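# Coordinates in review
The residues making up each chain are set out below.
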Amino acid sequence: MSITLPELTPTQESLFLTLGISALDSRLPRPFLGDPMADEILKASGYDLRRFALFRSERLDPKTKVFSGAVRAKHEDEVVTRFVAAHPDAVVLDLGTGLDTRVFRTDPPPTVDWYDIDFPTVIDLRRQLVPEREGVHLVAADLTEPGWLADIPGDRPTMIVHNGLVPFLSMSDYQSLLLRLTRHFQSGEMAHNSYTRPAVWTFKRVFGDVPGIGFNDPRAPERWVPDLKLVEEIFNVRSPEVAEIATSPAWRLMLGAIASSTILSRHLEATVLHYRF
Ligand SMILES: C[S@@+](CC[C@H](N)C(=O)[O-])C[C@H]1O[C@@H](n2cnc3c(N)ncnc32)[C@H](O)[C@@H]1O
């Protein structure tokens, strides 16, 4: 299969960074995430990953390149899988889905309705590259605009997941989105990778100016949206997979020191934030 890629904005093009991480992870002898479909989609897209410095770097070995992105996605998947196992009638929303194949990785039963939401250009591309699947609904919308939620049932247990989205939304757009979601859905959970303020600052070096600023305190969303309660912070640096990248005594010492501090774990490696509402 070969396609012509549409003109993508830098925000939309960022989907190839996360897709590329899943694809490269799948080529490791022992992948963290294990998503061979991501690699098939990447190859079918014809996209050249060398546009991203992460993939051009010869300083980092492949495992270290993908660790942050692949392990955080795995943690998000685990939250989704647990939720769907407990609620086979769930509705799942993947906000800013890009070309991610999370629905295939987590493999919910057909009783689950799964909504993949992104800009119309990305959803068109997704239709060309990601196989269809029973129970999956594609929603072509700008998340900052009201209206796209209207056709999604609000009375079923709801899992909201997003990965790589926060920097692309201004703080007020992100807060309004959370308020709209928690008003529309009666109850559920949300899991997403965290972006601290320094992380977004670094992100801007790669993607240019983005409207988001990030937040350091994982409890901040509880203050913006009274119904949201933090369940847990899931730190990459405290997960068993870290042993795979701690290849020298000095690295092991350093990663162990980071893992022993919540502040350092939060700021120096990827974290997944898990809430309920
Ligand atoms: C870094 S990519 C992550 C893609 C996917 N979640 C993944 O993990 O592979 C960010 C995605 O968010 C989408 N996005 C950003 N702002 C959005 C908005 N306002 N409405 C819809 N999608 C948006 C982009 O188009 C892009 O696909």
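Now for a quick tour of the structure. The structure displayed is predicted, hence computed values, not measured ones.

Okay, the sheet that holds strand 5 (residues 188-193) next. Pairing is mixed across the open sheet formed by 7 strands, whose spatial order is 3-2-1-4-5-7-6. Because the sheet does not close on itself, it has two edges, and the strands there are strand 3 (136-140) and strand 6 (229-235). The sheet shows a mean angle of 15° between the axes of neighbouring strands, taken without regard to direction. Relative to strand 7 (residues 271-276), strand 6 runs antiparallel, the two sharing 6 bridges. Within strand 7, the residue paired with Glu232 across the bridge is His274.

What follows concerns the site of the ligand. In the region of the ligand, 20 residues are neighbours, and Thr18, Gly96, Asp118, Leu143 and Asn163 sit closest. Between the ligand and the protein, one listed contact pairs a nitrogen atom with a backbone N or O atom of Gly96 at 2.7 Å. Measuring from an oxygen atom of the ligand, one finds a side-chain N or O atom of Asn163 at 2.8 Å. Coverage of the ligand by the protein amounts to 97% of the 590 Å² it exposes when considered alone. For the shell around the ligand, the secondary-structure elements that each account for two or more residues are helix 1 (10-13) and helix 2 (15-26). When grouped by side-chain class, the residues that make up the shell around the ligand number 8 nonpolar, 9 polar and 3 charged.

Okay, the nonpolar core next. By size, the foremost hydrophobic cluster in this structure holds 73 residues, and its most contacted members are Phe16, Leu93, Leu95 and Trp148. Take this core: its biggest share by element is 6 residues, from helix 2. Ignoring anything within four residues of it in the chain, the contact list for Leu93 reads Tyr115, Ile117, Trp148, Leu149, Ile152, Thr158, Met159, Ile160, Val161, Leu181 and Phe185.

Tracing the chain through its elements places Ala140 in strand 3. Each C-alpha atom, one on Ala140 and one on Leu54, is 29 Å from the other, the two residues being 86 residues apart in sequence. Beyond its immediate chain neighbours, meaning those up to four positions away, Ala140 contacts Asp118, Pro120 and Ile123.

Between helix 2 and helix 3 (residues 36-45), the least distance of the axes is 7 Å, while the angle of their chain directions is 120°. With respect to their mutual orientation, helix 2 and helix 3 come out oblique. Here helix 2 runs over helix 3; the crossing is left-handed. Only Pro36, Ala38, Asp39, Ile41, Leu42 and Ser45 of helix 3 make contact with helix 2, whose side of the interface consists of Phe16, Leu19, Ser22, Ala23 and Ser26.

Let us now look at the pattern of salt bridges. Enumeration over the complete set of coordinates arrives at 22 salt bridges. Between Arg105 and Asp77 there is a salt bridge, with the nearest N and O atoms lying 2.6 Å from each other. Within this pair, whereas Arg105 is found in helix 6 (residues 102-106), its partner Asp77 is found in helix 5 (residues 62-86), the two being separated by 28 residues in sequence. When its relative accessible area of 7% is taken as the criterion, Asp77 is described as buried. The residue Asp100 makes a salt bridge to Arg102 at a minimum N-O spacing of 3.7 Å.

Let's shift gears to the packing of aromatic side chains. According to the stated counting rule, one finds 9 aromatic pairs in the structure shown. Aromatic pair Tyr47 and Phe52: ring centres 6.2 Å apart, planes at 35°, arrangement tilted. As far as the burial class goes, Tyr47 and Phe52 line up, both buried. Ring centres of Tyr174 and Phe215 lie 6.5 Å apart, and the angle between their planes is 20°; on these two criteria the pair is classed as stacked. Remark: Phe215 occurs in the loop between helix 9 (197-207) and helix 10 (220-224) and Tyr174 occurs in helix 8 (residues 171-184); sequence separation between them is 41 residues. In terms of burial, Tyr174 and Phe215 fall into one category: buried. The structure contains a cluster of three or more aromatic residues connected by ring pairs, namely Phe16, Tyr47, Phe52 and Phe55.

Here is what the cut-offs are and how they apply
- Note on numbering: residues in each chain are counted from 1, in written sequence order.
- For a predicted model such as this one, the threshold for reporting local features is a pLDDT of at least 70, and the threshold for listing and counting side-chain atom pairs is 80 or more; totals across whole chains, interfaces and linings nevertheless cover every residue.
- Excluding hydrogens and water, the side-chain values take into account all heavy atoms of the structure.
- Here, strands pair whenever DSSP counts at least two bridges between them.
- Working definition: helices are DSSP H or I runs of at least four residues, strands are E runs of at least two. Numbering for both runs from the N terminus.
- Axis lines are fitted through C-alpha atoms, for helices just across the contact stretch, and the angle between N-to-C directions can take any value from 0 to 180 degrees.
- In this text, near means that some heavy atom of the residue lies within 4 Å of the molecule or strand in question.
- Pairs of N or O atoms are called polar contacts if they sit within 3.5 Å, as long as, within protein, a hydrogen donor faces a hydrogen acceptor (for residues adjacent in sequence, only side-chain-to-side-chain pairs).
- Calculation of accessible area relied on Shrake-Rupley with a 1.4 Å probe; when residues are assessed, cover is drawn exclusively from the protein chains displayed.
- For this classification, the nonpolar set comprises Ala, Val, Leu, Ile, Met, Phe, Trp, Tyr, Cys and Pro, the charged set comprises Asp, Glu, Lys and Arg, and every other residue, Gly included, is treated as polar.
- Throughout this description, the term nonpolar core refers to a set of buried Ala, Val, Leu, Ile, Met, Phe, Trp, Tyr and Cys residues connected via side-chain atoms within 4.5 Å.
- Only protein chains enter the accessibility calculation, which uses a 1.4 Å probe. A residue is then buried if its area is under 20% of the maximum for its type, exposed if over 50%, and partly exposed in between.
- Residue contacts follow a heavy-atom distance rule, with two residues in contact if any of their heavy atoms lie within 4.5 Å.
- Orientation is classified from the angle alone, with under 35 degrees giving roughly parallel, over 145 giving roughly antiparallel, 65 to 115 giving roughly perpendicular, and any other angle giving oblique.
- Each crossing gets its hand from how the near helix is turned against the far one by less than a right angle, where anticlockwise is left-handed and clockwise is right-handed.
- Criterion for a salt bridge: a side-chain nitrogen of Lys or Arg within 4 Å of a carboxyl oxygen of Asp or Glu.
- Any two of the Phe, Tyr and Trp rings considered here, Trp counted by its six-membered ring, make a pair once their centres fall within 6.5 Å; the pair's planes then place it as stacked at under 30 degrees, edge-to-face at over 60, or tilted in between.

These results come straight from atomic positions and should not be treated as a statement about function.
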